[in-house]
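Each chain, letter by letter, is given below.
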Amino acid sequence: MDLRDDQAGTQEVGRRTLVIADVEPLDVDGVRTVLVGTALFGVAFVALLPFYGSLADHGRAWWLWTALAGFGLGLFGLEYCRRRVRVRAAREFDTSDGDASDAP
């Protein structure tokens, strides 16, 4: 499937016609999205920490550890997204630098 901007607004799939919405992506590199999610997991962990005893008594201590795991995995995801942004920027710089050097 070709995902160029000049595609038609509809696509035939079997007996159905799908309408393709003209929507811009929310976040191209994902850094902001992962940062917000990581921050929310961190806030949830800190907010649940004073209630650890009550959570453990009711068998819901996993809520606290899920928030901590989400925060930790979010840190890994944040580094992954930042590294991906750096690689893409370096690749674009190399491409634009190569085009400029070929010009007479």
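Structure report, in brief. (Residues numbered from 1 in each chain as written. Predicted model: local features only at pLDDT ≥ 70, side-chain atom pairs only at ≥ 80, totals over all residues. Heavy atoms only, no water.)

With respect to the helices and strands, the residue arginine 84 is situated in helix α3 (residues 62–102). Separated by 55 residues in sequence, arginine 84 and aspartate 29 have C-alpha atoms that sit 7.8 Å apart. Apart from the residues lying within four places of it in its own chain, the contact partners of arginine 84 are Val28, Asp29 and Gly30. Looking at arginine 84, its side chain comes within polar contact range of the main-chain oxygen of aspartate 29, at 2.4 Å. (Helix = DSSP H or I, 4+ residues; strand = E, 2+ residues; numbered from the N terminus. Contact = heavy atoms within 4.5 Å. Polar contact = N/O pair within 3.5 Å; in protein donor to acceptor, adjacent residues only side chain to side chain.)

Now for the packing of aromatic side chains. Going through the model one piece at a time under the given rule, you end up with two aromatic pairs. Aromatic pair tyrosine 52 and tryptophan 65: ring centres 6.0 Å apart, planes at 70°, arrangement edge-to-face. With tyrosine 52 in helix α2 (residues 52–57) and tryptophan 65 in helix α3, the pair connects residues that are 13 residues apart, well separated along the chain. Take tryptophan 65: its relative accessible area is 44%, and that puts it in the partly exposed class. Here the aromatic rings of tryptophan 62 and tryptophan 63 are separated by 6.1 Å at their centres, their planes lie at 85°, and the arrangement is edge-to-face. (Phe/Tyr/Trp six-rings, centres within 6.5 Å; stacked < 30°, edge-to-face > 60°. Buried < 20%, exposed > 50% of the residue type's maximum accessible area, 1.4 Å probe, protein only.)

Moving on to the pairing of strand β1 (residues 10–13). Note: β1 against strand β2 (residues 16–19), four bridges, orientation antiparallel. Pairing of threonine 10 across the sheet is with valine 19, part of β2. Taking the residues between adjacent antiparallel strands as the criterion, β1 and β2 are bridged by two residues, where glycine 14 takes a positive phi near 65°. (Pairing = 2+ DSSP bridges.)

There is a patch of nonpolar side chains on the surface, built from Phe41, Tyr52, Trp65, Leu68, Phe71 and Leu75 and spanning about 550 Å² of accessible area. The biggest single contributor to the nonpolar patch is α3, with four residues. In this fold, phenylalanine 71 is placed in helix α3. (Patch = residues over 30% accessible without salt bridge, like charges linked within 9 Å, V, L, I, M, F, W, Y side chains within 5 Å. Areas by Shrake-Rupley, 256 points an atom, 1.4 Å probe, with all protein chains shown as cover. Salt bridge = Lys/Arg side-chain N within 4 Å of Asp/Glu carboxyl O.)

Summed over all chains, the structure comprises two salt bridges. Notably, a salt bridge pairs glutamate 79 with arginine 83, separated by 3.6 Å at the nearest N-O pair. Placement of both glutamate 79 and arginine 83 in helix α3 is noted, with a separation of four residues, approximately one turn of the helix. Of the charged contacts, one joins glutamate 79 and arginine 86 as a salt bridge, the two residues approaching to 3.3 Å between their closest N and O atoms. The class for glutamate 79 is partly exposed, based on a relative accessible area of 32%. The network of salt bridges with shared partners includes Glu79, Arg83 and Arg86.

Remember that the coordinates give geometry; whether it matters functionally is a separate question.
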